[in-house]
Amino acid sequence: MRRTSLDCVRAFVLVVAATLLAGTAVAQDNFPNRALRIVVPFPPGGPNDVLARLVSDHLSKVWGQPAVVENRPGGGGNLAADLVVKAPADGYTLLIGATGIMAVNQFVYKNLPYSSSRDLVAATMLAHAPLILTVGTHVTATTLADYVAFVKANPGKRNWAHPGVGTSPQLAAATFVARAGLDMASIPYRGTTAIVDAQLKGEIDWTMDVMHSAIPLHRGGKVRALAVTAKQRWPLFPEIPSMAEAGYPDVDAAAWFCIAVHAGTPRPIVERLGAEIARGMKSEDSKQRLASFGMLDISGTPDEARRYIDAQIAYWRPIVEGLKITVE
Amino acid sequence: MELFDNLALGFSVALTWQNLLFCMIGVLIGTLIGVLPGIGPVATIAMLLPITFYAPPIAAIIMLAGIYYGAQYGGSTTSILVNMPGEASAVVTCLDGYPMARMGRAGAALTVAAVGSLFAGIVGTLALAFFTSPLLAVANSFGSPEYCSLMALGLAASVVLAQGSILKATMMIFVGMLLGLVGTDVQSATLRYTFGLPELSDGIGFVSVAMGLFGMSEIILNLERRLRQQGVIAKIGSLFPSREEWRRAIPASARGTGLGALLGVLPGGGAVMSSFASYALEKRVSKTPERFGNGAIEGVAGPEAANNAGAQTSFIPLLILGIPSNAVLALLAGAMMIHGVAPGPQIASSKPELFWGVIASMFMGNVMLVIINLPLIGLWVRLLKIPYGILFPAILFFCCVGVYTLNNSWFDVLATAFFGILGYMFRKLGCEMAPLLMAYVLAPLFEENLRRSMLLSRGDAMVFIDRPVSAGLIAATIILILIVILPNFRKTREVAFKE
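No experiment lies behind these values; they were computed from the predicted model shown.

What follows covers the overall build of chain B. Scanning chain B from terminus to terminus reveals 22 helices and two strands. C-alpha atoms of chain B, sized along the principal axes, occupy 75 × 60 × 50 Å. In chain B, once contacts between residues fewer than 6 apart in sequence are set aside, the share between residues at least 24 apart is 80%. Here chain B displays about 19,100 Å² of accessible surface, and carbon together with sulfur accounts for 72% of that area. Mean positive and mean negative side-chain charge positions of chain B (29 and 25 charges, respectively) differ by 11 Å.

Residue and element names in this part refer to chain A. Domain boundaries in chain A define domain 1 (35-128 + 254-323) and domain 2 (132-228). Distance between the C-alpha centres of domain 1 and domain 2: 28 Å. Taken together, the contact pairs eleven residues of domain 1 with eight residues of domain 2. A combined buried area of about 810 Å² lies between domain 1 and domain 2, and 79% of that area is made up of carbon and sulfur atoms. It is Phe293, Trp316 and Leu323 that lose the most area in domain 1 upon contact with domain 2, and together they represent 44% of the buried surface on that side. Our enumeration of links across domain 1 and domain 2 arrives at zero salt bridges. Taken together, the connections running from domain 1 to domain 2 amount to zero residue pairs in polar contact (both at pLDDT 80 or more). Elements represented by at least two residues in the side of domain 1 that touches domain 2 include exactly α4 (99-108) and α12 (302-323). In terms of residue count, the dominant contributor to the side of domain 1 that touches domain 2 is α12 (four residues). Tallied by class, the residues present in the side of domain 1 that touches domain 2 amount to eight nonpolar, three polar and no charged.

Attention now goes to the sheet that holds strand β2 (residues 67-71) of chain A. Residues and elements named next belong to chain A. What the six strands build is an open sheet, ordered β2-β1-β3-β10-β4-β11; its pairing is mixed. The two strands at the open ends of the sheet, each matched to only one other strand, are β2 and β11 (296-297). The sheet contact formed by strand β3 (residues 93-98) and strand β10 (residues 254-262) spans four bridges and is antiparallel. Among the inter-strand pairings, Ile96 is bridged to a residue of β10, identified as Ile259.

For the rest of this paragraph, the subject is the pattern of salt bridges. Scanning the model with the defined rule gives 33 salt bridges over all chains in all. One salt bridge in this structure joins Arg34(A) and Asp90(A), with 2.7 Å as the shortest N-O distance. In this pair, Arg34(A) is assigned in the loop between α1 (2-29) and β1 (36-40) and Asp90(A) in the loop between α3 (78-86) and β3, connecting sequence segments 56 residues apart. Using a relative accessible area of 40% as the deciding quantity, one classes Arg34(A) as partly exposed. A salt bridge links Arg306(A) to Asp310(A); its shortest N-O distance comes to 3.0 Å. Here the residue Arg306(A) and the residue Asp310(A) both occupy positions in helix α12, the gap between them amounting to four residues, near one helical turn. Its relative accessible area of 38% is what places Asp310(A) among the partly exposed residues. One connected set of salt bridges, linked through shared partners, spans Glu244(B), Arg247(B), Arg248(B), Arg291(B) and Glu298(B).

Mean pLDDT over chain B: 84, with 94% of residues reaching 70 or higher. The lowest-confidence element of chain B is helix α22 (residues 468-498) of chain B, averaging 77 in pLDDT; the highest-confidence one is helix α19 (residues 410-428) of chain B, averaging 92.

This paragraph deals with the sheet that holds strand β5 (residues 132-136) of chain A. All names here are of chain A. Taken together, the five strands give an open sheet; going across it, the order is β7-β6-β8-β5-β9, and neighbouring strands pair in mixed fashion. If you trace the sheet from one side to the other, it starts and ends with β7 (185-188) and β9 (223-228), each paired once. On average, each strand axis in the sheet is inclined to that of its neighbour by 30 degrees, with strand direction left out of account. Here β5 pairs with strand β8 (residues 206-209) via four bridges, running antiparallel.

Our next topic: the interface of chain A and chain B. Listed by partner, the interface residues are 44 residues for chain A and 48 residues for chain B. Of all residues in chain A, Arg53(A), Arg190(A) and Arg289(A) give up the largest surface area on contact with chain B, accounting jointly for 16% of the area buried on that side. Linking chain A with chain B are one salt bridge, by the criterion used here. Residue Glu448(B) pairs with Arg190(A) through a salt bridge whose shortest N-O separation is 2.8 Å. Secondary structure elements with two or more residues in the side of chain A that touches chain B: α2 (47-63), β2, β7, α8 (192-200), α9 (211-219) and α11 (284-292) of chain A. Ranked by residue count, the leading element in the side of chain A that touches chain B is α2(A), at six residues. Grouping the amino acids of the side of chain A that touches chain B by side-chain chemistry returns 17 nonpolar, eleven polar and 16 charged.

The subject of this paragraph is the packing of aromatic side chains. Residue and element names in this part refer to chain A. In total, this model carries 18 aromatic pairs over all chains according to the counting rule given. Each ring, one from Trp256 and one from Tyr308, has its centre 5.6 Å from the other, and the planes form 75 degrees; the classification is edge-to-face. With Trp256 in strand β10 and Tyr308 in helix α12, this pair connects stretches of sequence that are 52 residues apart. For Trp256, a relative accessible area of 0% puts it in the buried group.

This paragraph deals with the nonpolar core. Leu126(A), Leu273(A), Ile277(A), Leu213(B), Phe214(B), Phe315(B) and Leu437(B) are the most contacted members of the largest nonpolar core, which has 189 residues in total. Considering every element that reaches this core, the biggest residue donor is helix α4 (residues 57-82) of chain B, with 16 residues. Taken together, domain 1 (35-128 + 254-323) and domain 2 (132-228) of chain A each give at least three residues to this core, which thus spans both. Dropping the residues within four chain positions of it, Leu213(B) is found in contact with Phe419(B), Gly420(B), Leu422(B), Gly423(B), Phe426(B), Arg427(B), Met433(B), Leu436(B) and Leu437(B). The next biggest cluster of nonpolar side chains, apart from the first, holds 60 residues, and it includes Val139(A), Ala180(A), Ile309(A) and Val327(A).

Relative to the helices and strands, Ser201(B) resides in the loop between β2 (191-192) and α10 (206-226). Taking the relative accessible area as the measure of exposure, Ser201(B) reaches 8% and is therefore buried. Not counting chain neighbours up to four residues away, the residues in contact with Ser201(B) comprise Gly74(A), Gly75(A), Gly183(B), Thr184(B), Leu191(B) and Thr194(B).

Let us now look at the environment of Ala311(A). Checked against the element boundaries, Ala311(A) lands in helix α12. Taking the C-alpha atoms as reference points, Ala311(A) and Ser186(A), separated by 125 residues in sequence, lie 28 Å from one another.

Residues and elements named next belong to chain B. With respect to the secondary-structure elements, Phe119 resides in helix α6 (residues 106-130). Judged by relative accessible area, which is 43%, Phe119 ranks as partly exposed. C-alpha separation for the pair Phe119 and Gly264, spaced 145 residues apart in sequence, amounts to 16 Å. Beyond its immediate sequence surroundings of up to four residues, Phe119 is in contact with Ser253, Ala254 and Thr257.

Let's shift gears to the confidence of the model for chain A. Chain-level statistics for chain A give a pLDDT mean of 88 and a share of 91% at 70 or above. With pLDDT under 50 throughout, residues 22-26 of chain A is counted as low confidence; its partners more than four residues away or in other chains account for zero contacts.

What follows is about a nonpolar patch on the surface. Residue and element names in this part refer to chain B. A contiguous nonpolar patch, built from Phe4, Leu126, Phe130 and Phe131 and spanning about 370 Å² of accessible area, is present on the exposed surface. Turning to its location among the elements, Leu126 is positioned in helix α6. A relative accessible area of 34% means that Leu126 is categorised as partly exposed.

As a further point, take the pairing of β1(A). Residues and elements named next belong to chain A. A large share of β1 lies buried, amounting to four of its five residues. For the crossover that starts at β1, traverses α2 and ends in the parallel β2, the hand is right-handed. Pairing of β1 with β3, which is carried by three bridges, proceeds in the parallel orientation. Paired with Arg37 across the strands is Thr93, a residue of β3.

Conventions used here
Residues numbered from 1 in each chain as written. Chains lettered and ligands numbered in written order. Predicted model: local features only at pLDDT ≥ 70, side-chain atom pairs only at ≥ 80, totals over all residues. Heavy atoms only, no water. Helix = DSSP H or I, 4+ residues; strand = E, 2+ residues; numbered from the N terminus. Contact = heavy atoms within 4.5 Å. Areas by Shrake-Rupley, 256 points an atom, 1.4 Å probe, with all protein chains shown as cover. Lys, Arg positive; Asp, Glu negative; His and termini not counted. Charge placed at Lys NZ, Arg CZ, Asp CG, Glu CD. Domains from an automatic or database assignment. Buried area = accessible area lost by both parts, 1.4 Å probe. Salt bridge = Lys/Arg side-chain N within 4 Å of Asp/Glu carboxyl O. Polar contact = N/O pair within 3.5 Å; in protein donor to acceptor, adjacent residues only side chain to side chain. Nonpolar A, V, L, I, M, F, W, Y, C, P; charged D, E, K, R; others polar. Pairing = 2+ DSSP bridges. Buried < 20%, exposed > 50% of the residue type's maximum accessible area, 1.4 Å probe, protein only. pLDDT = per-residue confidence, 0-100. Axes fitted to C-alpha atoms, helices over the stretch in contact; angles between N-to-C directions. Phe/Tyr/Trp six-rings, centres within 6.5 Å; stacked < 30°, edge-to-face > 60°. Core = buried A, V, L, I, M, F, W, Y, C linked by side-chain atoms within 4.5 Å. Patch = residues over 30% accessible without salt bridge, like charges linked within 9 Å, V, L, I, M, F, W, Y side chains within 5 Å. Right-handed = clockwise from strand over helix to strand, strands pointing away.

Written out as structure tokens, the structure reads:
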């Protein structure tokens, strides 16, 4: 009796397993056979959102399935990441992963409900751009060296601004302040637009701004770009010196974006997603739209994405730990 | 005249059939989403963004801008008809618009709102075309200390929004301030009053608070009072305002327009203040302030004009400096960038046909809006004849859909329900919601700017007095508080002496 019931169980398990396997095989063959969703960790309008809409536009055209963009802002991107981690691992829920979610947050936040390295896997990188250090026009210095000298002559009197503790602009800027040994006050603002407003009025001297906000102001003469936070000059704006040239090679923070899915997603689906999205990113039209945000395409395979993100984690970890920044 | 050449260029762009059509589509969509409670321009523009990839940049931006200011027109409709403010600027419209609707004057309120909005929209657009630099100078004189003092004035003036007990209104202001401080502290990134809920880490959503406190609690009250009655409003009077109503509304619209145009330029929360400031002003200058809150037409005309004038002039910081004043304009800035047009100081000289074309389209759009909206008023008002048993589930349904689409989060829907019940309790206790809501909006701005000013001044509080604009605002705040306190103080003393 006992034996037969065990056999029954065994047979049942086998049947279920076979069905499930067959199910996944079928799912992979005709992926996608329903609508996809792309979760964006920020409100509409920024580069995260624009990239999601470019990807959505491309996927729905080539696959004939809608790819619905869902903005899920909050908690520095952690709410969106948590949502994707809790969704089924079938490749239908995509996440726009960025510097925070994929690399920095795990060192900054004390209690994260997910682990980006354990629970998420990148299908492809999308695009990246360095940050730009801009000074308001009330500052007379025209090079970073001049500005550093000016602050050293006026210790404790000048201000710099950031869009929130634990964000990559704040971490990059704090690194620069530490390396240059500057005695300045850091002033927090809610978002980069508030910073630009304050900078135009001369309330703060400098900030590390994102490309698409800094470049029009720089070209219009309202702020002066002193450096890009990279080892080399940025090909789209070669007139701006790099941080490495100015003598701060480890201020190397880029804003970058990838498409991530649940880590349990079958590998063939991850690869299919990555390949198709990368093909879309390499189109002339996408490249042009990226360039208007100051970004360059870095799409490729899941393995390339893994290497890029690992390098970023290795870069940010000592920085966050060195600055001793934690957020609840 | 270079300016007239520019405007001529603008109209030559805006008056092509294609751009007129896109403008028309934009304002039509804007009107529709404005009327649906909760579904805001942010979700709509975000959804339409990929479609505009295939349109020429100017046409796309004209359409998206049309959605934005079109939604400002439509937003007043739900406030007046069912007491549902979809955004901060519509809160004060509820205060007198809804009582007017209950008296059968919904048509008049909507007409005054639409005509006032047309006037304000056109004046605002003229300001955008002609007075950019003086308005920018005003905006530039506002640093953190000035914003802090402006918010202090706003908080003090929140008392004026109430009609009943000043003590209760003051209490509601403090409750509102506490609600406004929920979330992540900007300076230390510490979480405050979030009770371990990650959904609260960016604060409580405005739409949840406003819709819950005003709209949902109203529905609960209506169900309690007269479930079996046919419709919310028994009689529907003339759709058009009487001569007396026009006489009261016109100067209010004019004052509201001026105030809104000025405050709309301030990116750090000026637009939020405009409709509210206009209401406070109307109540102050009125010879019969006791009518406010019971259906005073000035209380609809002024704030509605202010909010539309502000919507137009809030394009100034965006188009001239690249600074978006609110979430919708931030989205619009993103849309412009997708089309390869970075909003910023260069846009007027590098893309004059776009810059002036969009401005010219706003004249056309505002006229179209009134042509669309006036005939619709009859239709909206007739909605009130629908039996309440059918109307209220529909309202609740649209509310939930709208609230959900904001962040795609069920938490926001639950929060709305929570504030609905809280609002019901407050009403039973005779506490008014408007002061709470204003404090909830202003408190985080006040705190942020206060602490930032102190950081910038290295802890010297004299910064608020040393700067003339800030000193003026502080003086106004103190005077306002004295005006409110003294008569009450005298009264209590008289009572005390009698005994």
